[in-house]
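Below are the chains, spelled out letter by letter.
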Amino acid sequence: MKARFSKYILNFKRPAGTSRGILTQKETYILEISDGDKKGIGECALFRGLSYDDTPDYEEKLNWLCQNINQDRESLKHELLHYPSLWFGYEQAMNNLSLGADRYFENDFTKGVDSIKINGLIWMGSVDFMKEQIQEKLSQNFDCIKLKIGVDWEQEKAVLSELRKAYPKEVLELRVDANGAFTPQQATEVLNALHSLGIHSIEQPIKAGNWEQMRQLCQQTPTSIALDEELIGIIDLDKKIQLLDTISPQYIILKPSLVGGFSGTDEWISLAEERNIGWWITSALESNIGLNAIAQYTYSKYPKIPQGLGTGSLFTNNFPTPLILKGDKLRFKR
């Protein structure tokens, strides 16, 4: 086998607001593994400022992977343990090498006979911009919407309140994502307010790494808490067990490019289900290459609730995709 990689810069159609700032570009790396006439494509979806493997030697390690592509899988996994997005790209490329075309898994999703229900994502911005996005999602028949919060809580709460008055929780499920924006003291107030508004859950109310404070919040909260950034950089099995047993969250959010690809996500799901902790899978601004692979993997895990997958529509220069969105259902076009 031979392997090579190329860097690719994705450009946002419009600036994307998060509590970490405004994003206009997203850097990523495309890995190609060839074996004779066969070729497999994967995306090493580095997320600057968030990925555990956002390190100065990232390209050097990716080059090492290409030079050592014929080593056995376990040796490569051990070497790339602290580079979850590189391992994710390798897993994709190897699966694609085996299955060909745009396929990474063989299931009813890739056969085009079933779909994945997703939530509609509302980006931060002015109140009018958020309302505009909400109306667009509602017109597309989404009944589960996720809003980014944590920039101006009072305004955000007003938008949520207005939305809830028009659509009761039996009609519209609302999730929010704080990206660690609140202090523990603020988080308690926010959790109570969210409960009064019938909000399904909040992702990462406080910054990752504060296990004891997060444990207390999860123990006392009237609104379900989902860990997100908290999982990033937790590599060892024992540490994963320790985190879940210490905090006991209601949900965990799994981003394959950030938690060690398919195998890393498998491990988290297994541990969560053993503890009756809910989960869902989300994308993390991958290109259509990584998004396609994540969607196919997600279906293979038989999700029971709406998933947080993107649709590939954020960028002006994305790659072609077999994924299509019909209402709130993501489908694979054969």
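Just so it is clear, the structure is predicted and the values come from calculations on it, not from any experiment.

Chemist: It is not clear to me how the sheet that holds strand 6 (residues 144-148) should be interpreted in this structure. Could you clarify?
Modeler: Strand pairing in a sheet is mediated by backbone hydrogen bonds. Such pairs are either parallel or antiparallel. Read across the sheet, seven strands follow the order 5-6-7-8-9-10-11 without closing on themselves; strand pairing throughout is parallel. Unpaired on one side and paired on the other, strand 5 (120-122) and strand 11 (278-281) mark the two borders of the sheet. Adjacent strand axes in the sheet meet at a mean angle of 25°, parallel and antiparallel pairs treated alike. Relative to strand 9 (residues 224-227), strand 8 (residues 201-203) runs parallel, the two being bridged by three bridges. Following the sheet pairing, Ser201 is matched in strand 9 by Ser224. Here helix 5 (residues 153-166) sits on the sheet in contact with strand 6 and strand 7 (173-177), set at roughly 170° to strand 7. The strands touched by helix 9 (residues 261-274) are strand 10 (251-254) and strand 11; relative to strand 10, the strand with the most contacts, the crossing angle is about 170°.

Chemist: Hey, could you run me through the packing of helix 7 (residues 211-220) against helix 8 (residues 237-247) in this one?
Modeler: The relative placement of two packed helices is expressed as an angle between their axes plus a distance between the axes. Their axes nearest at 8 Å, the elements helix 7 and helix 8 cross at an angle of 45°. Relative to helix 8, the element helix 7 lies oblique. Residue-level contacts link Trp211, Met214, Arg215 and Cys218 of helix 7 to Lys239, Gln242, Leu243, Thr246 and Ile247 of helix 8. Classifying every residue of the contact of helix 7 with helix 8 gives five nonpolar, two polar and two charged.

Chemist: I tried to follow helix 1 (residues 58-67) on my own but got confused; where do I start?
Modeler: What sets the pattern is the α-helix's 3.6 residues per turn: residues three or four places apart point alike. For helix 1, the set of buried residues is Tyr58, Lys61, Leu62, Leu65 and Cys66. Projected down its long axis, helix 1 shows its buried positions confined to an angular sector of 150°, all on one face. For helix 1, the exposed residues lying more than 90 degrees away from the buried face are Glu60 and Gln67.

Chemist: What is the right way to look at the nonpolar core in this model?
Modeler: Soluble globular proteins tend to bury their nonpolar side chains together. Core analysis: the largest hydrophobic core is formed by 67 residues, its most contacted members being Ile202 and Ile252. For this core, the leading source of residues is helix 10 (residues 288-300), giving seven residues. What Ile252 contacts, discounting residues up to four positions off in sequence, is Leu227, Leu231, Leu244, Trp268, Ala272, Ile277, Gly278, Trp279 and Trp280. Ala3, Leu76, Leu80 and Tyr83 belong to the second-largest nonpolar core, a separate cluster that totals 20 residues.

Rules used in this analysis
- Residues numbered from 1 in each chain as written.
- Predicted model: local features only at pLDDT ≥ 70, side-chain atom pairs only at ≥ 80, totals over all residues.
- Heavy atoms only, no water.
- Pairing = 2+ DSSP bridges.
- Helix = DSSP H or I, 4+ residues; strand = E, 2+ residues; numbered from the N terminus.
- Axes fitted to C-alpha atoms, helices over the stretch in contact; angles between N-to-C directions.
- Contact = heavy atoms within 4.5 Å.
- Parallel < 35°, antiparallel > 145°, perpendicular 65-115°, else oblique.
- Nonpolar A, V, L, I, M, F, W, Y, C, P; charged D, E, K, R; others polar.
- Buried < 20%, exposed > 50% of the residue type's maximum accessible area, 1.4 Å probe, protein only.
- Arc of directions from axis to C-beta.
- Core = buried A, V, L, I, M, F, W, Y, C linked by side-chain atoms within 4.5 Å.

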